[in-house]
Amino acid sequence: MKDVLDYIISGISICIFILAVYMIKKIPEMVSDKLKSDREFEFNKELQIDEFYRKDGNLQQIMMNWTELAIDTNAMESLDSKNGQKKLRKLVQETLGYGSGRTVKLLTEMLQESYRSNDTESENTESGNNESENNESINRSSATIMLLLAMVVSSLKEDFTGQKVDPLDVLKIKLTDYYNHEGLFKELFESVNNKLGVEV
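> Even after reading the chapter, I still don't get the overall build of the chain, so can you show me in this structure?
Helix and strand content of the chain: eight helices and zero strands. The secondary structure elements of the chain, listed N-terminal to C-terminal, are α-α-α-α-α-α-α-α. Here the chain holds 200 residues, and 29% of them are scored as buried. Here the contacts in the chain between residues at least 6 apart in sequence split such that 68% fall between residues at least 24 apart. As displayed, the chain offers around 13,800 Å² of accessible surface, 55% of which is attributable to carbon and sulfur atoms.

Here is the structure:
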């Protein structure tokens, strides 16, 4: 009886050992399959999102409209008209819908700076102050708006294509005297990145 019991225990031990070896060999394969499945799921999800955004061609139009505002000096002046304001509202709405969180932060900051700048100009006009007294703040304010606009364009470019473009390069395209103000733009660029916690 003892021999039979020893034989059964040995048989069970051998089966457990074979099962353990099999499992040890299978675990890496199972983990690999799980990781592959997770990656495929994430990839397919990204493709589905990308397809949703790109299917109607809105992204290209949004990008081109912002690029026009950033590069064409007359484009900003056209926003003063009623039609221009309507176009800007639509562009902001589309950017909120399609842009990343980083782009929305930059857009918000640009619009807030624009509102502050308009308020300052209104106060100066009402109080009769000359622009020469406030020339530095107005120049700084307009430089900030131009920089934020370039940052919005760069952020959208990265959102839509994955390609990074330096916002300061966008400014160099627009401004013929960029190098006269390069220090100011670099300072503002660092300030905006730090304030908003973004990296463009």
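Following the structure, the description resumes.
> Whenever I open this one, the nonpolar core confuses me. Can you help?
Across soluble globular proteins, nonpolar side chains show a tendency to be buried alongside one another. Ranked by internal contacts, the top residues of the largest apolar core, which has 39 residues, are Trp66 and Leu106. Where this core is concerned, the elements lending two or more residues are helix H2 (58-71), helix H4 (82-98), helix H5 (101-127), helix H6 (135-161), helix H7 (167-174) and helix H8 (182-196). By residue number, the principal contributor to this core is H6, which donates 11 residues. Once residues within four sequence positions are removed from consideration, Trp66 is found in contact with Leu88, Leu91, Thr95, Leu107, Met110, Leu149, Val152, Val153 and Leu156.

> I tried to follow the packing of aromatic side chains on my own but got confused; where do I start?
Any two aromatic rings considered together are summarised by their centre-to-centre distance and by the angle between their planes. What the rule picks out here adds up to two aromatic pairs. Relative to Tyr179, the ring of Tyr178 lies with its centre 5.3 Å away and its plane at 80°, an arrangement referred to as edge-to-face. Measuring from ring centre to ring centre gives 5.7 Å for Tyr178 and Phe185, while their planes differ by 10°; the resulting arrangement is stacked. Across the pair, Phe185 and Tyr178 agree in class, each one buried. Through a chain of ring-to-ring contacts, the aromatic side chains of Tyr178, Tyr179 and Phe185 assemble into a single cluster.

> How should the environment of Arg102 be read in this particular structure?
Note that Arg102 resides in helix H5. Through-space distance from the C-alpha of Arg102 to that of Leu156 is 9.1 Å; in sequence the pair is 54 residues apart. Not counting chain neighbours up to four residues away, the residues in contact with Arg102 comprise Ser155, Glu158, Asp159, Val198, Glu199 and Val200. Side chain to side chain, Arg102 and Ser155 meet in a polar contact 2.7 Å long.

> Whenever I open this one, H2 confuses me. Can you help?
Along an α-helix, a turn takes 3.6 residues, which lines up residues three or four apart on a common side. For H2, which comprises 14 residues, the first-to-last C-alpha distance of 20 Å matches the rise-based estimate of 20 Å (1.5 Å per residue) to within 8%. Within the sequence span of H2, burial applies to Leu59, Ile62, Met63, Asn65, Trp66, Leu69 and Ala70. The arc that holds every buried residue of H2, seen down its axis, measures 160°, which confines them to one face.

> Is there a simple way to think about H7 in this case?
Of all the positions in H7, only Pro167, Leu168, Val170, Leu171 and Lys174 are classed as buried. For H7, the arc enclosing every buried residue in end-on projection is 155°, short of the 170-degree limit, so these residues lie on one face.

> Can you help me understand the pattern of salt bridges in this one?
Side chains bearing opposite charge may pair, as long as their charged atoms lie close to each other. All chains considered together, the criterion is met by 12 salt bridges. Residue Glu158 pairs with Arg102 through a salt bridge whose shortest N-O separation is 3.7 Å. Of this pair, Glu158 sits in helix H6 while Arg102 sits in helix H5, placing them 56 residues apart in sequence. With a closest N to O distance of 2.8 Å, Arg116 and Glu113 form a salt bridge. You can see Arg116 and its partner Glu113 sitting in helix H5, three residues apart, about one turn around the helix.

Basis of the calculations
Residues numbered from 1 in each chain as written. Predicted model: local features only at pLDDT ≥ 70, side-chain atom pairs only at ≥ 80, totals over all residues. Heavy atoms only, no water. Helix = DSSP H or I, 4+ residues; strand = E, 2+ residues; numbered from the N terminus. Buried < 20%, exposed > 50% of the residue type's maximum accessible area, 1.4 Å probe, protein only. Contact = heavy atoms within 4.5 Å. Areas by Shrake-Rupley, 256 points an atom, 1.4 Å probe, with all protein chains shown as cover. Core = buried A, V, L, I, M, F, W, Y, C linked by side-chain atoms within 4.5 Å. Phe/Tyr/Trp six-rings, centres within 6.5 Å; stacked < 30°, edge-to-face > 60°. Polar contact = N/O pair within 3.5 Å; in protein donor to acceptor, adjacent residues only side chain to side chain. Expected span 1.5 Å × (residues − 1). Arc of directions from axis to C-beta. Salt bridge = Lys/Arg side-chain N within 4 Å of Asp/Glu carboxyl O.

All we've got here are geometric facts, nothing functional implied.
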